[in-house]
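Reading the structure
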Amino acid sequence: MTDIFDFSPNVDDYAVMGNPIGHSKSPAIHAQFAKQTGQAINYTAIHVDLGGFEQAVGNFVASGGKGLNITVPFKQEAWALAEERSERAESAGAVNTLIFKDQKIIGDNTDGVGLVRDLGENKKLQLKNARILLMGAGGAARGVLLPLLNQQPAQLTIVNRTAEKAKDLAGLFADKGSIVGCGYEALAGQTYDLVINATAASLQGQLPPLPDGLIAKGGAGYDMMYGSEPTPFMKWCAQQGVDDVFDGLGMLVEQAAESFYLWRGVRPQTNDVIETLRQEIK
Ligand code: ATR
């Protein structure tokens, strides 16, 4: 009798769902994480029609899928679909990571921790006691508020074109730290150690109205967007003489690393992955 050994690894399926999804970097990022950590996973990108999200998730689970990343425009639907949610997902009102375990759909949000790790560990910026300005009061801004407040900044200010939205959002997080909301006109004469752009303005090639001298000497500017060229906000920072100006590529990789950790229990190294992506988008 011959012993039959099955050497084929047990490959677990993961994917990112969104619309559009064609340009997603997530499959490439997770493929690098898998190779680096020796984890046997298969990670694909799935385009989901508007109105078809729940069905698509159901199909993925039925086929044995273990986890999903969720991107625009389905993060709120993913939040609603999750049967259990982490505190950071709850506070974000959005879910970017689904875990299918013990017949349950668990929702988490790794965007905020991804931003905080990129700022703190990769860019070596001090967040504790810093004066931080967050531009924007939409989903992207809300998703990072709790992890930012957990770093205990001296003050976190949300500024938004529609000032009421910034004030409402600040109100929701008032018990979590020192946070206020305002409109752009209120920025005159203020200075911040770190200004983060979480608006959709960069996507439209636009820049919110920012006063000169907004970023303190030695301070930093961070755009959550990224691309082959600096965003309008990054260009403005450079014109203002700010030395530490960053885009959101590191955040993208760090949020992916946290999702990978949630699924696999292994934390991948991110520096080389960020560097590889940087070369690819040039
Ligand atoms: P997201 O999920 O990317 O945050 P969103 O929820 O539509 O998208 O929010 C977009 C954010 O970018 C909002 O804060 C929006 O400001 P308003 O609430 O006043 O609409 C902001 N935004 C979009 N375009 C902008 C621009 N050209 N200048 C300043 N802020 C802009």
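Definitions and cut-offs
- Residues numbered from 1 in each chain as written.
- Predicted model: local features only at pLDDT ≥ 70, side-chain atom pairs only at ≥ 80, totals over all residues.
- Heavy atoms only, no water.
- Near = heavy atom within 4 Å.
- Polar contact = N/O pair within 3.5 Å; in protein donor to acceptor, adjacent residues only side chain to side chain.
- Areas by Shrake-Rupley, 256 points an atom, 1.4 Å probe, with all protein chains shown as cover.
- Nonpolar A, V, L, I, M, F, W, Y, C, P; charged D, E, K, R; others polar.
- Salt bridge = Lys/Arg side-chain N within 4 Å of Asp/Glu carboxyl O.
- Domains from an automatic or database assignment.
- Buried area = accessible area lost by both parts, 1.4 Å probe.
- Helix = DSSP H or I, 4+ residues; strand = E, 2+ residues; numbered from the N terminus.
- Core = buried A, V, L, I, M, F, W, Y, C linked by side-chain atoms within 4.5 Å.
- Buried < 20%, exposed > 50% of the residue type's maximum accessible area, 1.4 Å probe, protein only.
- Pairing = 2+ DSSP bridges.
- Right-handed = clockwise from strand over helix to strand, strands pointing away.
- Phe/Tyr/Trp six-rings, centres within 6.5 Å; stacked < 30°, edge-to-face > 60°.
- Lys NZ or Arg CZ within 6 Å of the ring centre and 35° of its normal.
- Contact = heavy atoms within 4.5 Å.
- Arc of directions from axis to C-beta.

Time to look at the site of the ligand. Lining the immediate environment of the ligand, one finds 15 residues, of which Asn160, Arg161, Thr162, Lys165 and Gln206 sit closest. Arg161 places a side-chain nitrogen or oxygen 2.8 Å from an oxygen atom of the ligand. Side-chain polar atom of Gln206 to a nitrogen atom of the ligand: 2.5 Å apart, as the coordinates give it. Alone, the ligand offers 640 Å² of accessible surface; in the complex the protein occludes 73% of this. Its residues assigned to classes, the shell around the ligand shows five nonpolar, eight polar and two charged.

Bringing the pattern of salt bridges into the picture now. Within the structure shown, the criterion is met by 13 salt bridges. Among the salt bridges present, the one from Lys123 reaches Asp118, with a minimum N-O distance of 3.0 Å. The network of salt bridges with common partners includes Arg88, Asp108, Arg117, Glu121, Glu258 and Arg267.

Looking at the assigned domains, one finds that the protein contains domain 1 (12–109 + 251–281) and domain 2 (112–247). Put simply, the middle of domain 1 and the middle of domain 2, counted by C-alpha atoms, are 25 Å apart. Note on domain 1 versus domain 2: buried area summed over both sides is about 1500 Å², and carbon and sulfur give 53% of it. Per-residue buried area on domain 1 facing domain 2 is highest for Ser91, Met251 and Glu254; these three make up 38% of the total on that side. Across the domain 1-domain 2 interface, the total number found is three salt bridges. For the side of domain 1 that touches domain 2, the secondary-structure elements that each account for two or more residues are α4 (87–92), α9 (249–264) and α10 (271–281). Among the residues forming the side of domain 1 that touches domain 2, the class breakdown is five nonpolar, six polar and eight charged.

Side chains of nonpolar character tend, in soluble globular proteins, to be buried together. With 30 residues, the main nonpolar core has Leu115, Leu119, Leu194, Ile196 and Tyr222 as its most contacted residues. Of all the elements, helix α6 (residues 139–149) adds the most residues to this core, at six residues. Tyr14, Val16, Ile99 and Ala257 belong to the second-largest nonpolar core, a separate cluster that totals 20 residues.

Looking now at the sheet that holds strand β3 (residues 67–70). Backbone hydrogen bonds are what pair the strands of a sheet, in a parallel or an antiparallel way. The strand order across the open sheet formed by six strands is β2-β1-β3-β5-β6-β4, and the pairing between neighbours is mixed. Pairing within the sheet leaves two strands with one partner each, and these edge strands are β2 (41–47) and β4 (84–85). With seven bridges connecting them, strand β1 (residues 12–18) and β2 associate as parallel partners. Bridge pairing in β2 places Val16 opposite Ala45.

Turning our eyes to something else, we now look at the pairing of β1. Across the seven residues of β1, six count as buried, placing the element largely inside the fold. Each parallel crossover has a hand, and for β1 linked through helix α1 (residues 26–37) to β2 it is right-handed.

Glancing now at the packing of aromatic side chains. By the definition in use, this model includes six aromatic pairs. Here the aromatic rings of Phe33 and Phe260 are separated by 5.5 Å at their centres, their planes lie at 70°, and the arrangement is edge-to-face. Pair noted here: Phe33 is in helix α1 and Phe260 is in helix α9, with a separation of 227 residues, a long-range link. Just as Phe33 is buried, Phe260 falls in that class too. Taking 6.4 Å as the distance between ring centres and 55° as the angle between the ring planes, the aromatic pair formed by Phe60 and Phe100 counts as tilted. Pair noted here: Phe60 is in helix α2 (residues 53–62) and Phe100 is in strand β5 (residues 97–101), with a separation of 40 residues, a long-range link. Above the ring of Tyr261, the side-chain terminus of Arg267 is found at 4.0 Å from the ring centroid.

Structurally, Thr110 can be placed in the loop between β6 (104–108) and α5 (111–122). Thr110 gets classed as buried once you look at its relative accessible area, which sits at 0%. Setting aside residues no more than four positions away along its own chain, Thr110 makes contact with Arg88, Asn96, Thr97, Gln255, Glu258, Ser259 and Leu262.

Within helix α7 (residues 163–172), burial applies to Ala163, Ala166, Leu169 and Ala170. Within α7, the buried residues cover an arc of 130° as seen down the axis, which keeps them to one side. More than 90 degrees from the buried face of α7, the exposed residues found are Asp168 and Leu172. Those residues of α7 that are buried are in contact with α6, β8 (155–159) and β9 (179–182).

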